[in-house]
Every structure is written in C-alpha cells, then in structure tokens.
Amino acid sequence: MHFLIRSVVALALLFAASSLENRSLAQAPKSRAAADTLNPIESLVSFATRHLHIPYRSGGSSKRGFDCSGFVRYCFNQWNITLPHSSAAQAEHGEAVELDDAKPGDLIFFKGNSTKSKRIGHVGIITEVAPGYVKFIHSAWKGGIRYDLLNAAYYSKRFVAVKRMIE
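Residues numbered from 1 in each chain as written. Predicted model: local features only at pLDDT ≥ 70, side-chain atom pairs only at ≥ 80, totals over all residues. Heavy atoms only, no water.

Undergrad: In this structure, what is going on with unusual backbone geometry? I would like to understand it.
TA: Glycine aside, residues mostly have negative phi, and peptide bonds are mostly found in the trans state. The backbone of H53 shows a phi angle near 75°, a positive value even though the residue is not glycine. For N80, which is not glycine, the phi dihedral falls at a positive 60°. Mapped onto the elements, N80 comes out in the loop between helix 3 (68–77) and helix 4 (87–90). (Helix = DSSP H or I, 4+ residues; strand = E, 2+ residues; numbered from the N terminus.)

Listed below in structure tokens is the structure:
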C-alpha cells in the first residue's frame, strides 16, 4: 500500500515538474520576441530598469553593488560601448546635447557633493523626457539603483551636462 502511494506521489511530482518546464519553454519565445522589438535605446533603458534596488557600492561594477559610473558602464557594455569607470571620464565621451534636446538613453552628469565644485562627480541614464521633466536612473549613495528627477532641488543645483552615446 505504501509503495502504491509513493508511486502515485512520485508520478504526480514528475508530471507537475514536466508541465512547469514545458510552460517556461513555451513562454521563452514570447519574451525574446518582445525584447527583439525594442530599439537599442529602449533595450538599454529596459536593461537598466531591471537593476532597480541593487545596492550602492563604492567602486562597484557588478550586480553585488554599483557606484554611479560603474552602473552606467555596466549597462552600456551590454551594447558593446566601452566607457571608463569614472563619471568625469565618461563626460569626455559622446556628443554634447542641450537639455531641451535630451532623450532617453542619454547620460546626465552632475557635480559631486558640492554645488560650488566644477568637477563632475555623478552620472545617470535618462529614462523619460517631457517638457520641464527629466527622469533618470542611477546608483545613489542612499538607495542604490533608483529613479530621480532633474527638477529635484538636489539635482537641479548640480546639473552639468547631457551627453549622447547612442544615436
């Protein structure tokens, strides 16, 4: 009797595992097809967004933790665009863009902690733009990978430039 019960349970588990595996295989082409329909900028922004809430880590450049330039470098590396691991050095690359012409995928640069400094100390990737509205994703000391708005007092006082790395 125990052998019969164990056999039925084992068969049920095998059937359940098999159906889960088949379901995940059936769904894989859909998600791949959806990703294939995105242009490079949409793909970049989507990729960056999948890393929300990863913690900040000074000098970090992996999923265990990122600093701001490490995160940007990691994201752009997925599209074979190699950037240095420094926000100031990243600002030396790409094409300068006026803020009014900014688009998702552009990099946005800020002064470091001091508004009086002339040195770039922070970088993010623009995710949304509308008149008077710029949203970006970045690795912040408080909060790790997160979204912020350029019109927030902290960032508007420190804004330096926008650069386009992908046409």
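Undergrad: What is the right way to look at the packing of aromatic side chains in this model?
TA: The description of an aromatic ring pair uses the distance of the two centres, along with the angle that the planes make with each other. As enumerated under the stated definition, the model contains 9 aromatic pairs in all. Between F66 and F71, the ring centres sit 5.5 Å apart and the planes meet at 70°, which makes this aromatic pair edge-to-face. We note that F66, like F71, is buried. An aromatic cluster of three or more residues is present, and its members are F47, F66, F71, Y74 and W79. The residue whose ring lies beneath R158 is Y154, and the NZ or CZ to ring-centre distance is 3.9 Å. (Phe/Tyr/Trp six-rings, centres within 6.5 Å; stacked < 30°, edge-to-face > 60°. Buried < 20%, exposed > 50% of the residue type's maximum accessible area, 1.4 Å probe, protein only. Lys NZ or Arg CZ within 6 Å of the ring centre and 35° of its normal.)

Undergrad: Where do I start with the pattern of salt bridges in this structure?
TA: Between side chains of opposite charge, pairing is possible as soon as their charged atoms come close. If you walk through the whole model with that rule in mind, you get 3 salt bridges. In this structure, R164 engages D106 in a salt bridge whose closest nitrogen and oxygen atoms are separated by 2.8 Å. Residue R164 is located in strand 8 (residues 159–164), and its partner D106 is located in the loop between strand 3 (95–97) and strand 4 (107–111); the two are separated by 58 residues in the primary sequence. Note on accessibility: R164 and D106 belong to one class, buried. (Salt bridge = Lys/Arg side-chain N within 4 Å of Asp/Glu carboxyl O.)

Undergrad: Before we go on, may I ask you to explain the environment of Y155 in this structure?
TA: Positionally, Y155 belongs in helix 5 (residues 153–156). Judged by relative accessible area, Y155 falls into the buried class, the value being 7%. For the pair Y155 and H122, spaced 33 residues apart in the sequence, the C-alpha separation amounts to 9.9 Å. Apart from the residues lying within four places of it in its own chain, the contact partners of Y155 are F110, H122, F136, H138, R146, D148, L149 and L150. (Contact = heavy atoms within 4.5 Å.)

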